[in-house]
Every structure is written in structure tokens, then in C-alpha cells.
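# Tertiary structure, described
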Amino acid sequence: MTAQTPPLRSALLQGLQKVLGTPATLIPLHEPEFSEAENAVLQDCLASTFVSSVGKYVDQFEAMLADYTGAKHAVAVVNGTAALQIALTLAGVQRDDEVLIPALSFVATANAVAHCGAIPHFVDSNIRTLGLDPEALAAHLAKVARTGTQGPVNRLTGRRLAAIVPMHTFGHTVDLAPLMEVAGRYGVPVVEDAAEALGSTYKGRHAGTFGLLATLSFNGNKIITTGGGGAILTNDEVLARRAKHLTTTAKRPHRWEFFHDAVAWNYRLPNLNAALGCAQMTRLTSLLERKRELASRYQRALDGCPGISFVPEPEHCRSNYWLNTVMLSQPDSCVRDELLGAANDAGYQCRPVWTLLHKLPMFADCPRAELPVALDLEASLINLPSSPKLASIP
Ligand SMILES: *Cc1c(COP(=O)(O)O)cnc(C)c1O
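We now turn to the structure provided with this report. (Residues numbered from 1 in each chain as written. Predicted model: local features only at pLDDT ≥ 70, side-chain atom pairs only at ≥ 80, totals over all residues. Heavy atoms only, no water.)

Once that is clear, we can look at the nonpolar core. Across soluble globular proteins, nonpolar side chains show a tendency to be buried alongside one another. By size, the foremost hydrophobic cluster in this structure holds 81 residues, and its most contacted members are F61, L88, V99 and I232. Tallying contributions element by element places helix α4 (residues 80–90) first for this core, with seven residues. Setting aside residues no more than four positions away along its own chain, V99 makes contact with L88, V93, V113, A118, I119, P120, H121, A163 and V165. (Core = buried A, V, L, I, M, F, W, Y, C linked by side-chain atoms within 4.5 Å. Buried < 20%, exposed > 50% of the residue type's maximum accessible area, 1.4 Å probe, protein only. Helix = DSSP H or I, 4+ residues; strand = E, 2+ residues; numbered from the N terminus. Contact = heavy atoms within 4.5 Å.)

This is the structure in C-alpha cells:
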């Protein structure tokens, strides 16, 4: 324990107590919400017997996602990692390419790159958005990129820089305007990992509608869930059709014939999961309202606490506040762990941000930029209990 821990600890615990009361049992980090709507569609889906790869709910869920986000097309798939793998493939990522991703992300972002046979190339984050920093990216590209015959190449490795993957951390959007400008200048396609950002907008436009493609996740801990699930968003009709084709075994449509024209994947979202997604979409507005209310309660409760501050939505962004987050003003992973221990002991399930991806054994040798901000964020971020229902506690 360091000298600064006790005051910080009581500041955090008091803030949590003010917003959440005193827990009878552990208050989870994030819980999904189900009620009659979910029961009804699941019963209907079971009764239809179409629980798997055929049925009306997949189309309906895709239409709801496209309508809500404003993306022209949505293709539902088995999970967010699969969505990202296919989106990267469609953006042209091939074996031995490099893909620029933030070092501060969930492991799925890097795994999806690796599943394409490509190599993650880690870049730094921004202290306010918690996501990929456009200025740091531009400075890094100016240093490492040279022009190749098929777009920019990493001059140190000779490998093509095939895509940029910004990730909207905890629902806070990356500063997309300058990011798209840098990507456009280098001619590198952008695939947004919007797994955490359903319901978030940047300058009034939904996250995931800026890049060539984007991906969502509906895992159990995300803002809405299908049990497991994901989606690919795009405005490009050809890419959307290709996404559907590649995620459904590349079968040529025919009444009875089995003819497949590519080595493809069985990544289609089962109808049963899509049914759950349709019901969850109808409560999204309510979930977002309560998450926003919870965020403002945390912000008020922690206002003026020395050494610790609430992370508000960045400029230009209306965040879904998927996970509420506080930041230590002095990054220190020992202090962070002390606080995590105290909060969890007191019944508030809090957690740190992910270990930076370049520190994981399978990605330790991947190319990377300087990562000063990501390192600070890793040692200073703490997520707080964020279930929407917590906003109804007085
Ligand atoms: C949840 C998540 C994913 C995808 O996760 P799945 O569990 O495969 O649906 C990808 N990237 C980020 C940043 C995530 O948080």
C-alpha cells in the first residue's frame, strides 16, 4: 500500500456507496435484462422449430440493426470476433499483412487479425477517448510507412499496412474525423471495432458507420445480448452480400442443390439467438437512458474527489456508457489493485482495463509504436458496476 491509497480508497468507496447504496450481495459489473418480450419471442421461435440456420428472426434482427444504426446493411453472425475476422477479410486483409490496432483493447481485436493470418501492429490511445489516437497514428505512420505498390508498407518489416481498426472503448467513440482523414491520406481502409458501442454516436452519426465496415458484439456482457452474437455493418451493398455469402458456407442459392463456390465459414447467427436480439433491441432506448442516468450519478458522486475522476464522454461523442469508468490522476497499477481489492471486498464488482495486448505472450513480438498513453491508461482505469437497473436505485 502506498501513502496515497487510503484517501483514494475512501473517496472511491464513498462514491460507490452514494450511487449504489450498501450491497447485500456482490453488485455485478454488468447484467443483462430480460422479461416478457424475451420470453415471448423465444417461445415463438421454439414453437416454430426454426431455431438454427433458417427462420425469420435473423432477417428481422438485421433490419432492426440497420434501421437503428443508419448503416445500409447489417449481417448477423455468431460473435463479434467472427464479425471482425470477416470484416477484415472483406477489407482486403491477407496473410502476412499488418493491421493497425490499439494496444489497449480486448484480446478479440488482435485475435481477429491473427485469424486472418495477419499481424497486429499496435498503436497508442488518446487519454480522453480511451481509443486509438489519430495524432499518434499519423506521427507513427510518418515514421514507419513507405509507399508500396498495393498501399503503404511498414518499412521495417516490408509488410503491407492493410487496415486500421479503431475500437470505441466502453462506448466512447474514437475521434473519428481526424482518424478517417489520416486513413484516407494513406489509402488504408478503416474497419471499426464497435463491439462496445451500440447506441453511441459521433457528431450525431452512429458509431460503426464511418469505416468501410464495422462490427458489433452481442455477448452476454454487452449493452444488448443474443447470448452470443455479432454483426457486420456496411454501407456497401457488394461487401454486405459477400459478408452474408462467406458467413453462410458460400452456398449458391438454389432450391435443393448444394453448390458452394469458396472455402467459407458457418458463422451465421442462429435464429434462436436472433429472436432474443429482436426483443433486446426493443428495450435499447430504455437501457441507454438508464445508463446515461447512472453515469451522471457517478459523475456527481465523484466530482471533486482528489486523485480520482470519472471518465466522461469525449467531445463530439454521445456515449452509450456501456461501462462506467474512473481514472486515477497518478497512474499506478499497485494503487489501482488496492482500490479494486477494496471495492470488490465491499461488494462492488469493479475491474481493471485489459492487459495491453503487446504484453500477451502470443502478441509480444508484434510491431508497435511508442505506447505512453496506453501504458498510463492501463495503470489508471477502473470500471464500475454499470447495469442499467442500478440507475433505478434512489
Ligand atoms: C466484446 C468485444 C469483441 C467481440 O467479442 P465476442 O465475445 O466475440 O462477441 C471484440 N472487441 C471488443 C473490443 C469487445 O469488447
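Taken as a whole, the largest pocket holds about 350 Å³ of empty space. S53, V54, K244, H245, T248, T249, K251, R252, P253, N266 and R268 are the residues that line the largest pocket. Classifying every residue of the lining of the largest pocket by side-chain character gives two nonpolar, five polar and four charged. Considering the residues around the second largest pocket, the lining is formed by 16 residues, among which N126, R128, T129, D175 and E315 are closest to the centre. Residue assignment for the lining of the second largest pocket shows that the elements contributing at least two residues are α6 (134–144) and α7 (176–186). Here the lining of the second largest pocket takes three residues from α7, the largest share from any one element. Here the residues of the lining of the second largest pocket are counted per class, giving six nonpolar, four polar and six charged. (1 Å grid on protein atoms, 1.4 Å probe; cavity = no way out; pocket = protein on both sides within 12 Å on 5 of 7 lines; lining within 4 Å. Points joined across faces, edges and corners; volume = space filled by probe spheres on them. Nonpolar A, V, L, I, M, F, W, Y, C, P; charged D, E, K, R; others polar.)

Here the focus is empty space enclosed by the protein. One pass over the full model with this rule turns up two cavities of 30 Å³ or more. Lining the largest cavity we find H30, E31, P32, E33, K222, I223, I224, T225, Q280, L287 and P388. Looking at the lining of the largest cavity residue by residue, the class counts come to five nonpolar, three polar and three charged. For the second largest cavity, the calculated volume is near 30 Å³. Lining the second largest cavity are A71, G208, T209, G211, L212, L233, T234 and N235. Its residues placed into classes, the lining of the second largest cavity shows three nonpolar, five polar and no charged.

Here strand β4 (residues 145–148) runs beside strand β5 (residues 151–154); their pairing, made up of four bridges, is antiparallel. Opposite R146, over in β5, you have V153 as the bridge partner. (Pairing = 2+ DSSP bridges.)

The analysis is restricted to geometry; functional conclusions fall outside its scope.
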